[in-house]
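What the coordinates show
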Amino acid sequence: MQMSLSENLRRVKHKGSAVIVLLLGGAYAARPLLLGPEVEVYKVERRELVQTVVATGRVETPLRVEIGSQVTGTIAAIPVDEGQAVRAGQVLIELEHEEARAALEQARAAVLQAQARLQQLRQLSLPVAEQALRQAEANLGNARRQYARSKDLFARGFVGQAALDEARRSLDVADSQAASARIQARSMGEQGSDVLMAKATLEQARAALQQARARLAYTTIAAPVDGVLIARQAERGAVVQPGKVLMVLSPRGRTQLVVDLDERNIALLRIGQNALASADAYPQERFGARLVYISPAVDPQRGAVEVKFDVERPPAYLRQDMTVSVDIEVARRANAVVVPTETVHDLAGRTPWVLEVVGRRLRRQPVATGISGAGNTEILGGLQPGELVAPVAGALSDGSRVRAAVAAPGARRPGG
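For the structure given in this document, a descriptive report is provided here.

What counts, and where the lines are drawn
Residues numbered from 1 in each chain as written. Predicted model: local features only at pLDDT ≥ 70, side-chain atom pairs only at ≥ 80, totals over all residues. Heavy atoms only, no water. Helix = DSSP H or I, 4+ residues; strand = E, 2+ residues; numbered from the N terminus. Buried < 20%, exposed > 50% of the residue type's maximum accessible area, 1.4 Å probe, protein only. Contact = heavy atoms within 4.5 Å. Areas by Shrake-Rupley, 256 points an atom, 1.4 Å probe, with all protein chains shown as cover. Salt bridge = Lys/Arg side-chain N within 4 Å of Asp/Glu carboxyl O. Pairing = 2+ DSSP bridges. Axes fitted to C-alpha atoms, helices over the stretch in contact; angles between N-to-C directions. Core = buried A, V, L, I, M, F, W, Y, C linked by side-chain atoms within 4.5 Å.

Re the overall build of the protein
Helices and strands together make up the secondary structure of the protein, namely five helices and 21 strands. For the protein, with 416 residues in total, the buried portion stands at 35%. Sequence-distant contacts in the protein: of pairs separated by 6 or more residues, those separated by 24 or more amount to 74%. Of the roughly 24900 Å² of accessible surface on the protein, a fraction of 52% belongs to carbon and sulfur atoms.

Written out as structure tokens, the structure is:
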């Protein structure tokens, strides 16, 4: 029995629909292969960036300030006693300073001598050299005229070869003297070698004078703050060395944080830098502090340097020797171009780079980096705000095809 025409059409339509579904399903399954995997990428942004150094330490209340010498010397006088209240700037220890004072006077004399030498070049030597140059050039002009006359007379037979040779010799001598005078005058000018050397000598003498003043100042050890002298470990006649504790001073009404910081971070520290601290017993409570002291010595056993922070408004819960965490603000950029740190390859190397999203592919893009903080890194060159970068991932490489999904700023992983 033959099928009707309408039934045949329905079967053909049903088979066509099945084929279309299969094709669409295959296309969807092959989509990752054709377009690449979906990757969460980050937009290059412009924002404020703060770099911090994190360290742990302890509370000291009241603060103990260790007093030492910055130079080697012999103690000449100690005009204070243990337990005595002292004011900021009051002399605590005087070292013998005769040698340092003599070095200062010698440095002053060297500066005066260098100044006199420079003044002599400008006011005496240069005018003399210029006058000598004018005279030498005048002699040269006269010698040229004499030689021209002698040459003419020789051609007409009025003088002999000897007279012509003598005129030529006089011309050569005058020319040499004029050249020498020019060199001498140039060396006496402001850009001449003699003046430049005299200026350099003067600068060296001034630097030596500053150094001598500093060394003389180091022979007087004064109290850095008001307080009470609670320990004295030096006596008159003793020879002291830099770094040795001679006295301990307890300032009045101050709370400080004493922190041992890895010596690799010394270059980032500056007196006056702000910090946020929290006690381990109250981790949610944070209070401000300010860097006031950096130890001149590094602990060779731990590779750490001791730094101290003033707490102007210490919270009531702080106790002596409490453990604290301190975030030191070492750099701030108000309008930095930043990317998440997790997107920067070889950040600690010489040639950091990122995988920039260009169209539907990733491209290796070298960048110049600046400070890092709060999971972000400053970009000094190589990227512009609004461009997209991919995170560091083993499956992603230069030229990879991807489907970019831009992550919200809040989705960034802090410290990534």
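Points about the pattern of salt bridges
This structure, assessed with the given rule, holds 17 salt bridges. The closest approach of N and O atoms between Arg47 and Glu45, which form a salt bridge, is 2.8 Å. Look at Arg47 and you get partly exposed, because its relative accessible area is 28%. Of the charged contacts, one joins Asp260 and Arg302 as a salt bridge, the two residues approaching to 2.7 Å between their closest N and O atoms. Note that Asp260 is positioned in strand 11 (residues 255-262) and Arg302 in the loop between strand 13 (287-299) and strand 14 (304-311), a separation of 42 residues in sequence. Taken together, the shared-partner salt bridges in this structure form one network comprising Glu48, Glu329 and Arg332.

What to know about unusual backbone geometry
Positive phi values are uncommon outside glycine, yet Asp346 reaches one of about 55°. Mapped onto the elements of the fold, Asp346 is located in the loop between strand 15 (323-340) and strand 16 (353-358).

Digging into the sheet that holds strand 21 (residues 403-406)
What the five strands build is an open sheet, ordered 17-16-20-1-21; its pairing is mixed. In this open sheet, the two edge strands, each paired with only one partner strand, are strand 17 (361-366) and strand 21. Direction aside, neighbouring strands of the sheet carry axes that sit 50° apart on average. By the bridge criterion, four bridges tie strand 1 (residues 38-43) to strand 21 in an arrangement that is parallel. Paired with Val39 across the strands is Ala404, a residue of strand 21.

Digging into the pairing of strand 17
Of the pairings in the sheet, the one linking strand 16 to strand 17 comprises six bridges and is antiparallel in character. Counted as the bridge partner of Leu355 is Arg364 from strand 17. As consecutive antiparallel partners, strand 16 and strand 17 are separated by two residues, and within that stretch Gly359 has a phi angle of approximately 70°, a positive value.

Considering the environment of Lys199
Tracing the backbone shows Lys199 in helix 5 (residues 193-218). Among all residues touching Lys199, those that are not within four sequence positions of it are Leu118, Arg122 and Glu190.

Details of the sheet that holds strand 9 (residues 239-240)
Strand order in this open sheet of four strands is 7-6-4-9, and the pairing throughout is antiparallel. Each edge of the open sheet carries a strand with a single partner, namely strand 7 (220-222) and strand 9. For strand 4 (residues 73-77) and strand 6 (residues 91-95), the ladder comprises two bridges, and the chain directions are antiparallel. Bridging from a neighbouring strand, Ile75 pairs with Leu95 of strand 6.

Considerations on the nonpolar core
Judged by nonpolar contacts, the single largest core of 24 residues is most densely connected at Leu257, Phe309, Val326 and Ile328. Only strand 2 (45-60), strand 11, strand 12 (274-279), strand 13, strand 14 and strand 15 provide two or more residues apiece to this core. Among residues more than four places away in sequence, those in contact with Ile328 are Gln51, Thr52, Val53, Leu261, Leu269, Gln273, Asn274, Ala275 and Phe309. By size, the runner-up hydrophobic cluster in this structure holds 18 residues, among which are Ile67, Ala223, Val240 and Leu246.

The quantities given are spatial measurements derived from coordinates; they are silent on function.
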